[in-house]
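# Chain and residue survey
One-letter residues, chain by chain:
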Amino acid sequence: MNNSELFARACRILPGGVDSPVRAFRAVGGTPFFAERGEGAYLFDVEGNRYLDYVMSWGPLLFGHARTEIVEEVRRAALSGLTFGTPTGREAELAEEIALAAPYLQMVRLVSSGTEATMSAIRAARGFTGRNKIVKFAGNYHGHSDGLLVRAGSGCLTGAVPDSLGVPAGIAQETLVATYNDLSNVEALFRLHRREIACVIVEPVAANMGVVPPERGFLEGLRTICDKEGALLIFDEVITGFRVAYGGAAQRYCVTPDLAAFGKIVGGGMPLAAYGGREDVMSLVAPLGGVYQAGTLSGNPVATAAGLAMLRLIRREQSTLYPLLEERAATLEEAFRAAGVPVGRVGSILTPFFAKRAPGCSEDTAMCDTRAYAAYFHAMLEQGIYVPPSQFEAMFVSTAHSREDILRTADAIAVACRAAGR
Ligand SMILES: *Cc1c(COP(=O)(O)O)cnc(C)c1O
């Protein structure tokens, strides 16, 4: 079957033909292609087309597709059994490996998705503080749990759903929404809700409204406000962890959160995520304390094998890996700028914005020309390059993107931006 036959079949049984909305290409039009296999920086579809891939499974693939060392560990683990429901040694090993990169993590709990990680970190923060309300930022995405689907960016910025049906108003009410990069806005919320706010959760580099870096002083300011108000600061490092630095955004910006959520890279391409932080907070998590959180497949032996292989490679190669990613991504940024398209970039994540300037918060994203983005997207695809099928997602550069791949992409960017009227 070809791509359109597979999509027609999928649409009859899967809502929109997909298992995660952005894969359906709704924001750019057209039919999604169906992946057959990945190799390094390349994806191959069922029709034998080859794409230079800058979506990279939306973040996990720091080394590109099917890196041998990771696949071998997965194979080895799988042969010994897929799941046990008892502890395995690798769980503590992986938790220790994560804490090597982020030393402020005194305790860690492994879960299966970023959604679970942020949801559970918030539960722990509420349990610890005895407060109900949380502060999140418009355009920040923290997974699809009820209380976090409020001004959630990403698929929610381009889809017909501003937020979501099925989220009770009573739950959404506990979520206070602030403007990204605006500290006075956060202070105002705290003045209005004295001693009611359990935590502030933030993408320390926003990457789900396109890449929007934190302005100087923003993360430090959040730290100060939380300390003053007795609230916890939660960094959602699901994208930024092991991506913008070995120690994530906390390391890159020298700001230490109380709790953090990890996902994507931490699972090496398998469904695994983690949350953790201060011991006095994490020791409230069951079975130690009264904050309940569990998972049949949490700490899964195959997933932990993938995560461990990934994180060990990163630790070993960190001194060369991050400078290399920085340089490759900077070359792409220059290509967009040369074509008159502003860019948001931190390390190896970047977004070209079809607007006069790159946004600093979610309100600014309204000025983006999403039709121009769609034209650019299809012009890239025609040149065999797969970029995110939405203006409000990040491009991911991996170590598998060679210098030649990047130069070819820079040429394609010039062509595609012209096709988009720039
Ligand atoms: C992807 C993402 C999540 C959700 O992770 P899932 O594994 O998709 O549930 C949470 N936070 C951020 C910042 C993300 O990018």
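## A word on the site of the ligand
In the vicinity of the ligand, the contacting residues are Ser113, Gly114, Thr115, Tyr141, His142, Gly143, Glu203, Asn208, Asp236, Val238, Ile239 and Lys264. Measuring from an oxygen atom of the ligand, one finds a side-chain N or O atom of Thr115 at 2.6 Å. A distance of 3.2 Å separates an oxygen atom of the ligand from a polar side-chain atom of Asn208. For the ligand, whose unbound accessible area comes to 380 Å², protein coverage reaches 83%. A class-by-class count of the residues in the shell around the ligand yields three nonpolar, six polar and three charged.

## A few points about the nonpolar core
In globular proteins that are soluble, nonpolar side chains generally tend to be buried together. Core analysis: the largest hydrophobic core is formed by 96 residues, its most contacted members being Ile98, Phe242, Ile314 and Tyr376. Among the elements that take part in this core, helix 11 (residues 301-338) stands out by supplying 15 residues, more than any other. The residues that make up this core include at least three from each of domain 1 (3-66 + 317-419) and domain 2 (68-311). Here Ile314 is in contact with Leu62, Phe63, Phe242, Tyr246, Ile265, Leu321 and Tyr322, once residues within four sequence places are set aside. Counting residues in each nonpolar core, the second largest holds 20 residues, with Ile122, Ile234, Met282 and Val285 among its members.

## Looking at the domain arrangement of the chain
Many descriptions give the size of an interface as the accessible area lost when the pieces come together. Partitioning the chain into structural domains gives domain 1 (3-66 + 317-419) and domain 2 (68-311). Put simply, the middle of domain 1 and the middle of domain 2, counted by C-alpha atoms, are 24 Å apart. Taken together, the contacts link 33 residues of domain 1 with 33 residues of domain 2. At the boundary of domain 1 and domain 2, one finds two salt bridges. Put simply, Glu326 and Arg252 hold a salt bridge, and the shortest N to O gap is 3.5 Å. Put simply, the parts of the chain that give the side of domain 1 that touches domain 2 at least two residues each are helix 11, strand 11 (343-346) and strand 12 (349-352). Of the residues contributing to the side of domain 1 that touches domain 2, the split by class is 18 nonpolar, eleven polar and four charged.

## A few points about the environment of Ala414
Residue placement: Ala414 occurs in helix 13 (residues 403-419). Note: C-alpha distance between Ala414 and Ala335 (79 residues apart in sequence) is 6.9 Å.

## Overview of the packing of helix 2 (residues 68-79) against helix 11
For the pair helix 2 and helix 11, the least separation of the axes is 8 Å and the interaxial angle reads 155 degrees. In terms of axis orientation, helix 2 runs roughly antiparallel to helix 11. Seen along the crossing, helix 2 lies across helix 11 with a hand that is right-handed. Of the residues in helix 11, those touching helix 2 at Glu69, Ile70, Glu73, Val74, Ala77 and Ala78 are Pro301, Val302, Ala305, Ala306, Ala309, Met310 and Leu313. Grouping the amino acids of the contact of helix 2 with helix 11 by side-chain chemistry returns eleven nonpolar, no polar and two charged.

## What about helix 13?
Compared with an ideal rise of 1.5 Å per residue, which puts 17 residues at 24 Å, helix 13 spans 25 Å between its outermost C-alpha atoms and is within 8% of the ideal. What helix 13 keeps buried is the set Asp405, Ile406, Thr409, Ala410, Ala412, Ile413, Ala416 and Cys417. Those residues of helix 13 that are buried are in contact with strand 2 (42-45), strand 3 (50-53), helix 11, helix 12 (370-382) and strand 13 (385-386). Downstream of helix 13 by one or two residues, Gly421 has phi in the positive range, about 85 degrees.

## Digging into the layout of surface pockets
If you add up the space inside the second largest pocket, you get close to 630 Å³. If you trace the second largest pocket, you find 29 residues lining it, with Glu91, Val108, Arg109, Leu110 and Ser298 closest to the centre. Going through the elements one at a time, helix 3 (89-101) and strand 4 (107-111) are the ones with two or more residues in the lining of the second largest pocket. No other element matches strand 4, which puts four residues into the lining of the second largest pocket. Classifying every residue of the lining of the second largest pocket by side-chain character gives 16 nonpolar, eleven polar and two charged.

## Some words on the side chain of Asp236
Considering the arrangement of structural elements, one finds Asp236 in strand 8 (residues 232-236). Although buried, Asp236 forms no salt bridge, and the nearest oppositely charged side chain, Lys264, lies 7.2 Å from it. One polar contact links Asp236 to His142, side chain to side chain, over a distance of 2.7 Å. Polar side-chain contacts of Asp236 include one of 3.0 Å to the backbone nitrogen of Val238. Apart from the residues lying within four places of it in its own chain, the contact partners of Asp236 are Thr118, Tyr141, His142, Ile201, Val202, Glu203, Pro204 and Ala261.

Parameters at a glance
Residues numbered from 1 in each chain as written. Predicted model: local features only at pLDDT ≥ 70, side-chain atom pairs only at ≥ 80, totals over all residues. Heavy atoms only, no water. Near = heavy atom within 4 Å. Polar contact = N/O pair within 3.5 Å; in protein donor to acceptor, adjacent residues only side chain to side chain. Areas by Shrake-Rupley, 256 points an atom, 1.4 Å probe, with all protein chains shown as cover. Nonpolar A, V, L, I, M, F, W, Y, C, P; charged D, E, K, R; others polar. Core = buried A, V, L, I, M, F, W, Y, C linked by side-chain atoms within 4.5 Å. Buried < 20%, exposed > 50% of the residue type's maximum accessible area, 1.4 Å probe, protein only. Helix = DSSP H or I, 4+ residues; strand = E, 2+ residues; numbered from the N terminus. Domains from an automatic or database assignment. Contact = heavy atoms within 4.5 Å. Salt bridge = Lys/Arg side-chain N within 4 Å of Asp/Glu carboxyl O. Axes fitted to C-alpha atoms, helices over the stretch in contact; angles between N-to-C directions. Parallel < 35°, antiparallel > 145°, perpendicular 65-115°, else oblique. Left-handed = near helix turned anticlockwise from the far one by under 90°. Expected span 1.5 Å × (residues − 1). 1 Å grid on protein atoms, 1.4 Å probe; cavity = no way out; pocket = protein on both sides within 12 Å on 5 of 7 lines; lining within 4 Å. Points joined across faces, edges and corners; volume = space filled by probe spheres on them. Lys, Arg positive; Asp, Glu negative; His and termini not counted.

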